Amino acid sequence: SAVISQKPSRDICQRGTSLTIQCQVDSQVTMMFWYRQQPGQSLTLIATANQGSEATYESGFVIDKFPISRPNLTFSTLTVSNMSPEDSSIYLCSVGNTGELFFGEGSRLTVL
Amino acid sequence: GENVEQHPSTLSVQEGDSAVIKCTYSDSASNYFPWYKQELGKGPQLIIDIRSNVGEKKDQRIAVTLNKTAKHFSLHITETQPEDSAVYFCAASIHTGNQFYFGTGTSLTVIP
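What you are looking at is a predicted structure, and each value in this text was computed from that prediction instead of being measured.

## Quick notes on the packing of aromatic side chains
At step 1: Summed over the entire model, instances satisfying the criterion amount to 12 aromatic pairs over all chains.
At step 2: Ring centres of Tyr 36 of chain B and Phe 102 of chain B lie 5.9 Å apart, and the angle between their planes is 50°; on these two criteria the pair is classed as tilted. One end of the pair, Tyr 36 of chain B, is in strand S4 (residues 32-38); the other, Phe 102 of chain B, is in strand S10 (residues 100-102), and 66 residues separate them in sequence. Summarising the burial analysis for this pair, Tyr 36 of chain B and Phe 102 of chain B share the class buried.
At step 3: By way of ring pairs, the aromatic residues Tyr 35 and Phe 103 of chain A together with Tyr 36 and Phe 102 of chain B are connected into one cluster.

Written as structure tokens, this is what we have:
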């Protein structure tokens with residue numbers, strides 16, 4: 001399986017600021033996704049990061065709040081904009097290969 | 001859409017005993033069922049999966065069973081060890097598809 005690296009692993013942010021999370025994969029992958037895991041909860045898909053085009057967002061998530069970039073087949077970023085305490089979560093980068101799904105270690109954000 | 005339910009939400013077992021976690025799904029088109037283990041502070045790790053053309057799959061102390069007619073699948077861990085303590089998530093998808101539907105998770109504690 002691919003090695004997925006996320007930065008930062010954790011951060012404490014002030015209300016109203018924005019933070020960009022980076023995801024680097026050690027091999028080219030077709031599908032990259034961003035998930036959110038709120039404290040003690042399951043995994044919720046935010047969007048599919050499409051290489052060279054706009055991301056595809058799930059219901060309840062919008063580009064203005066969670067802009068995503070994917071400039072190539074090994075890298076993607078997720079920005080959490082104008083953060084509020086409700087955005088405190090683990091954000092997970094994941095990659096899909098031959099139908100299987102693998103996750104990075106996650107970025108744990110706390111918004112004060 | 002697909003709906004995946006997972007039980008129990010918490011499970012405590014004595015070291016050496018077996019643990020069973022059960023999931024049900026609603027969409028008969030789902031044909032790929034992975035299980036993930038998430039340790040504290042880490043991302044979900046794929047530990048075993050099963051496809052709909054197979055009824056059971058084993059990997060050392062871990063096994064997964066699938067009943068397509070009843071639309072349920074289960075994770076079985078035998079001879080549990082303290083390092084098995086984690087949160088386990090089941091999921092369902094259409095293999096080669098992008099959409100994974102996750103259960104709500106089971107927090108397993110193995111008591112030494």
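From this point, things continue past the structure.
## So, the sheet that holds strand S7 (residues 68-72) of chain A
Residue and element names in this part refer to chain A.
At step 1: The four strands are arranged S1-S3-S8-S7 in an open sheet whose pairing can be described as antiparallel. The sheet terminates laterally at strand S1 (4-7) and S7, the two strands that pair on one side only. With strand direction ignored, the average angle separating the axes of adjacent strands in the sheet is 15°.
At step 2: Relative to strand S3 (residues 19-25), S1 runs antiparallel, the two sharing four bridges. Looking at the pairing, Ser 5 lines up with Gln 24 of S3.

## Regarding the sheet that holds strand S7 (residues 62-67) of chain B
All names here are of chain B.
At step 1: Pairing is antiparallel across the open sheet formed by five strands, whose spatial order is S1-S3-S8-S7-S6. Each edge of the open sheet is held by one strand with a lone partner, namely strand S1 (5-7) and strand S6 (56-59). The mean angle between the axes of side-by-side strands here comes to 15°, regardless of whether they run parallel or antiparallel.

## Section: the interface of chain A and chain B
At step 1: In this complex, chain A contributes 19 residues to the contact, which on the side of chain B involves 19 residues.
At step 2: For the pair chain A and chain B, the summed buried surface comes to about 1500 Å²; carbon and sulfur atoms form 53% of the total.
At step 3: Measuring nitrogen to oxygen at the nearest pair gives 3.7 Å for the salt bridge that ties Arg 51 of chain B to Glu 100 of chain A.
At step 4: Applying the counting criterion to the chain A and chain B interface returns five residue pairs in polar contact (both at pLDDT 80 or more).
At step 5: The class makeup of the residues in the side of chain A that touches chain B is nine nonpolar, six polar and four charged.

## Some details on the state of the cysteines
Residues and elements named next belong to chain A.
At step 1: Using the criterion set out here, one finds two disulfides over all chains in the structure.
At step 2: Note that Cys 23 is cross-linked by a disulfide to Cys 93, the S-S spacing being 1.9 Å. Classification of the bridge connecting Cys 23 and Cys 93 rests on its S-S torsion, roughly -70°, and on that basis the disulfide is left-handed. Of the two residues, Cys 23 sits in strand S3 while Cys 93 sits in strand S9 (residues 89-97), which places them 70 residues apart along the sequence.

Scoring rules and cut-offs
- Residue numbers run consecutively from 1 along every chain, following the written order of its sequence.
- Naming scheme: in the order in which they are written, chains are lettered from A and ligands are numbered from 1.
- Per-residue local features are limited, in this predicted model, to residues with pLDDT of at least 70; the limit for side-chain atom pairs, both in listing and counting, is 80 or more; totals at the level of whole chains, interfaces and linings are taken over all residues.
- In computing side-chain properties, one takes all heavy atoms of the structure into account and sets aside hydrogens as well as water.
- Between 30 and 60 degrees the pair is tilted, below 30 it is stacked and above 60 it is edge-to-face, where a pair is any two Phe, Tyr or Trp rings, Trp via its six-membered ring, whose centres lie within 6.5 Å.
- Elements are defined by DSSP. Helices are runs of H or I of four residues or more, strands are runs of E of two residues or more, and each kind is numbered from the N terminus.
- Only protein chains enter the calculation, and the probe is 1.4 Å; a residue is then buried if its accessible area is under 20% of its type maximum, exposed if over 50%, and partly exposed in between.
- Two strands make a pair as long as DSSP finds a minimum of two bridges between them.
- Note on geometry: axes are C-alpha line fits, over the in-contact stretch for helices, and angles between N-to-C directions span 0 to 180 degrees.
- We call two residues in contact when some of their heavy atoms are within 4.5 Å.
- A simple way to read buried area is as the amount of 1.4 Å-probe accessible surface that goes missing from two parts once joined, with both sides added.
- Definition used for salt bridges: Asp or Glu carboxyl oxygen within 4 Å of a side-chain nitrogen of Lys or Arg.
- The term polar contact refers here to a pair of N or O atoms within 3.5 Å; inside protein, the definition further demands a hydrogen-donor-capable atom paired with an acceptor-capable atom, and it admits residues adjacent in sequence only when both atoms are side-chain atoms.
- Charged means Asp, Glu, Lys or Arg here, nonpolar means Ala, Val, Leu, Ile, Met, Phe, Trp, Tyr, Cys or Pro, and polar covers whatever is left, Gly included.
- By definition, disulfides here are pairs of cysteine sulfur atoms that lie within 2.5 Å.

These results come straight from atomic positions and should not be treated as a statement about function.
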